[in-house]
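One-letter residues, chain by chain:
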Amino acid sequence: MKVGSWFEYAVSIEETGKGTAVFSERYVLESADGSKLLFRLYCGDGDCGTVEGGMDLVNGIFDRSGLRKERTETLDYSDDKVCTDLLVSDRCGGGERIWLGPDGIAYKDERMQMWSKGAIHRETRTLTAYSIQ
């Protein structure tokens, strides 16, 4: 992956009793130094700073350590269908799922965590567009 590559996600964050926030995130690769990556993150219409990533991460962003393949699923993406491997992790009080395409791209990432008093926090990122240089 080269400088200028980017990934854009539709983000939905749900919290029990607080409703749902919906916005977009765009990760633009600003620098690559060996296996270390630095992305500029844009949230909605604003600059949200930088995010460190790595070549060992999915899209340079998502950590797949501790995830296991559960099954294969077909997702709708940009007027097409993509066959993905569903990677899952059950963690204490929550879990994560990544839908990984055959091209190594994360088409969807979902994280859920149980908070105090039974509140649920769920973050879902769905790929809307990307460009790999």
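See the structure above.
Read on for a plain summary of the structure.

Here is what the cut-offs are and how they apply
- Residues numbered from 1 in each chain as written.
- Predicted model: local features only at pLDDT ≥ 70, side-chain atom pairs only at ≥ 80, totals over all residues.
- Heavy atoms only, no water.
- Phe/Tyr/Trp six-rings, centres within 6.5 Å; stacked < 30°, edge-to-face > 60°.
- Helix = DSSP H or I, 4+ residues; strand = E, 2+ residues; numbered from the N terminus.
- Buried < 20%, exposed > 50% of the residue type's maximum accessible area, 1.4 Å probe, protein only.
- Lys NZ or Arg CZ within 6 Å of the ring centre and 35° of its normal.
- Contact = heavy atoms within 4.5 Å.
- Polar contact = N/O pair within 3.5 Å; in protein donor to acceptor, adjacent residues only side chain to side chain.

Examining the packing of aromatic side chains
Centre-to-centre distance and the angle between the planes together describe a pair of aromatic rings.
In step 1: This model, assessed by the stated rule, comprises five aromatic pairs.
In step 2: Taking the centre distance of 6.2 Å and the plane angle of 15° together, the rings of Phe7 and Tyr130 count as stacked. One end of the pair, Phe7, is in strand E1 (residues 6-15); the other, Tyr130, is in strand E9 (residues 120-131), and 123 residues separate them in sequence.
In step 3: With a relative accessible area of 1%, Phe7 lands in the buried category.
In step 4: Each ring, one from Tyr27 and one from Phe39, has its centre 6.3 Å from the other, and the planes form 90°; the classification is edge-to-face. Here Tyr27, found in strand E2 (residues 19-33), pairs with Phe39, found in strand E3 (residues 36-43); they are 12 residues apart in sequence, far enough to count as distant. Phe39 carries the same exposure label as Tyr27, and that label is buried.
In step 5: Every member of this aromatic cluster is reached through a ring pair, and the members are Tyr9, Tyr27, Phe39 and Phe62.
In step 6: A cation sits over an aromatic face here: Arg26 above Trp6, 3.9 Å from the ring centre.

Considering the environment of Glu25
In step 1: Residue position: Glu25 is located in strand E2.
In step 2: Accessibility expressed as a relative area gives 5% for Glu25, which makes it buried.
In step 3: Distance from Glu25 to Thr124, taken between C-alpha atoms, is 11 Å for residues 99 residues apart in sequence.
In step 4: Excluding residues that lie within four positions of it along the chain, Glu25 makes contacts with Phe7, Glu8, Tyr9, Val11, Leu41, Tyr42 and Arg125.
In step 5: A polar contact is formed between the side chain of Glu25 and the side chain of Tyr27, at a distance of 2.8 Å.
In step 6: There is a polar contact of 2.8 Å between the side chain of Glu25 and the side chain of Arg125.

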